[in-house]
Amino acid sequence: MKKYAIIVAGGAGTRMGYATPKQFLLLKDKPVLWYTIDAFIRAFDDMQIILVLPEAHFAKGRGIIALFNYTDRITMTNGGNTRFESVKKGLALVKEASIVFVHDGVRCLVSVPLIQRCCNQALLKGSAVPAVAATDSIRIVKDGKHVVEDRLQVRIIQTPQTFLSSIILPAFEQPYQESFTDEATVVEAAGNEVFLTDGEYDNIKITRPVDLVVAERMIEERSSL
Ligand SMILES: Nc1ccn([C@@H]2O[C@H](COP(=O)(O)OP(=O)(O)OP(=O)(O)O)[C@@H](O)[C@H]2O)c(=O)n1
Ligand SMILES: C[C@](O)(CO)[C@H](O)COP(=O)(O)O
């Protein structure tokens, strides 16, 4: 079955506070996006990459793609005003029955084993959404101060959120809702059960400056192994 990785990198990186969107910032000597693409290229020889970028930064995207020897496996398309729209633009390029990975371009520490685990589960169960247990105390502050007694009731959700195309393509025909902050919510709203899989604590989403420091340290650690 064909494999498509929709790497969504069409955001502005507002919370990072830099002029350059965070997906193009350098970690060591390579852009954040390079690490993300590299993991998916290495995960499967038949993986096709659909890179979703702000149209204004297509030149940066072409520069990153040129760093790979597999430019025929990477296609670029422009993003939208929301993550949902960006994913939808990427899905528009999926034309046949396939496994579809949707991954945050700024989750650049994603591991090859996690990508492969998500693929295997999606083939068996239709979906694989990586999740890790909360490591802090949790409170639901809306309507009062409800403490979540058992942290195991809470999961922190990651990407690549991975689905059979027969599940995710129809789900994204729904109109956008504010609650659609990831693909799992969209697929569930279309009436499908969604199955979690073990995520990885290294699989951080680069959101604020501190995340860059952590990511660079992790890359140094991995390169010294
Ligand atoms: N319209 C959007 C918004 C986000 N994303 C992507 O979705 C991923 C996760 O989103 P987030 O971390 O929120 O990125 P930004 O929206 O860029 O960050 P901010 O909310 O701080 O502006 C990122 O790789 C981002 O580029 C996207 O492709 N299109
Ligand atoms: C998709 C996601 O990474 C799952 O946790 C998260 O919802 C992205 O949130 P963001 O605010 O768009 O970064």
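All of these numbers come straight from a predicted model, not from anything done at the bench.

Peer 1: I keep staring at the overall build of the protein chain and nothing clicks. Help me out?
Peer 2: Secondary structure assignment for the protein chain yields seven helices and twelve strands. What you see for the protein chain is a C-alpha radius of gyration of 17 Å, in line with the 17 Å of a compact globule of 225 residues. Here the C-alpha coordinates of the protein chain stretch approximately 50 × 40 × 35 Å along the principal axes. Scored against the burial criterion, the 225 residues of the protein chain give a buried share of 52%. In the protein chain, the share of contacts with a sequence separation of at least 24, taken over all contacts with a separation of at least 6, comes to 73%. Counting only carbon and sulfur atoms, one obtains 53% of the accessible surface of the protein chain, whose full area is about 11,300 Å². Taking the average place of the 26 positive charges on the side chains of the protein chain and the average place of its 26 negative ones, the gap between the two points comes to 3 Å.

Peer 1: Looking at this model, I keep getting lost on the side chain of H57. Mind explaining?
Peer 2: Turning to its location among the elements, H57 is positioned in the loop between β4 (47-53) and α2 (58-65). Classification of H57 as buried rests on a relative accessible area of 18%.

Peer 1: I'm lost on the site of ligand 1 in this one. Help?
Peer 2: Around ligand 1, the structure places 19 residues, and the nearest of them are G10, G13, T14, R15 and S86. A distance of 3.2 Å separates an oxygen atom of ligand 1 from a polar backbone atom of A12. The contact in question runs from an oxygen atom of ligand 1 to an N or O atom on the backbone of V106, over 3.5 Å. In isolation ligand 1 has 560 Å² of accessible area, and contact with the protein removes 87% of it. When its residues are assigned to classes, the shell around ligand 1 shows four nonpolar, ten polar and five charged.

Peer 1: What's the story with the site of ligand 2 in this structure? I'm lost.
Peer 2: Taken together, R15, R83, D104, R107, I157, T159, T181, D182 and K205 are the residues near ligand 2. Note that an oxygen atom of ligand 2 is positioned 2.5 Å from one of the side-chain N or O atoms of D104. One nitrogen or oxygen atom from the side chain of R107 is found 3.0 Å from an oxygen atom belonging to ligand 2. In isolation ligand 2 exposes 360 Å². Once the protein is present, 71% of that is buried. Here the shell around ligand 2 is built from residues that sort into one nonpolar, two polar and six charged.

Peer 1: Sorry, what's going on with the pattern of salt bridges here?
Peer 2: Two side chains with opposite charge may pair up if their charged atoms get near one another. Tallying each qualifying case throughout the model produces twelve salt bridges. As a salt-bridge pair, E96 and K2 come within 3.9 Å of each other at their nearest N and O atoms. With a gap of 94 residues between them, E96 in the loop between α3 (83-91) and β6 (98-104) and K2 in strand β1 (residues 2-8) connect regions that are remote in the sequence. Relative accessible area serves as the criterion here: at 30%, E96 is assigned to the partly exposed category. On the basis of relative accessibility, which here comes to 37%, the residue K2 falls in the partly exposed class. Residues D104 and R83 are paired through a salt bridge, measuring 2.9 Å at the closest nitrogen-oxygen approach. Placement of D104 in strand β6 and of R83 in helix α3 is noted, with a sequence separation of 21 residues between them. Overall, the relative accessible area of 9% leaves D104 in the buried class. For R83, a relative accessible area of 25% puts it in the partly exposed group. When salt bridges that share partners are traced, they join K28, R217, E220 and E221 into one network.

Analysis parameters
- Residues numbered from 1 in each chain as written.
- Chains lettered and ligands numbered in written order.
- Predicted model: local features only at pLDDT ≥ 70, side-chain atom pairs only at ≥ 80, totals over all residues.
- Heavy atoms only, no water.
- Helix = DSSP H or I, 4+ residues; strand = E, 2+ residues; numbered from the N terminus.
- Rg over C-alpha atoms; globule rule 2.2 N^0.38 Å.
- Buried < 20%, exposed > 50% of the residue type's maximum accessible area, 1.4 Å probe, protein only.
- Contact = heavy atoms within 4.5 Å.
- Areas by Shrake-Rupley, 256 points an atom, 1.4 Å probe, with all protein chains shown as cover.
- Lys, Arg positive; Asp, Glu negative; His and termini not counted.
- Charge placed at Lys NZ, Arg CZ, Asp CG, Glu CD.
- Near = heavy atom within 4 Å.
- Polar contact = N/O pair within 3.5 Å; in protein donor to acceptor, adjacent residues only side chain to side chain.
- Nonpolar A, V, L, I, M, F, W, Y, C, P; charged D, E, K, R; others polar.
- Salt bridge = Lys/Arg side-chain N within 4 Å of Asp/Glu carboxyl O.

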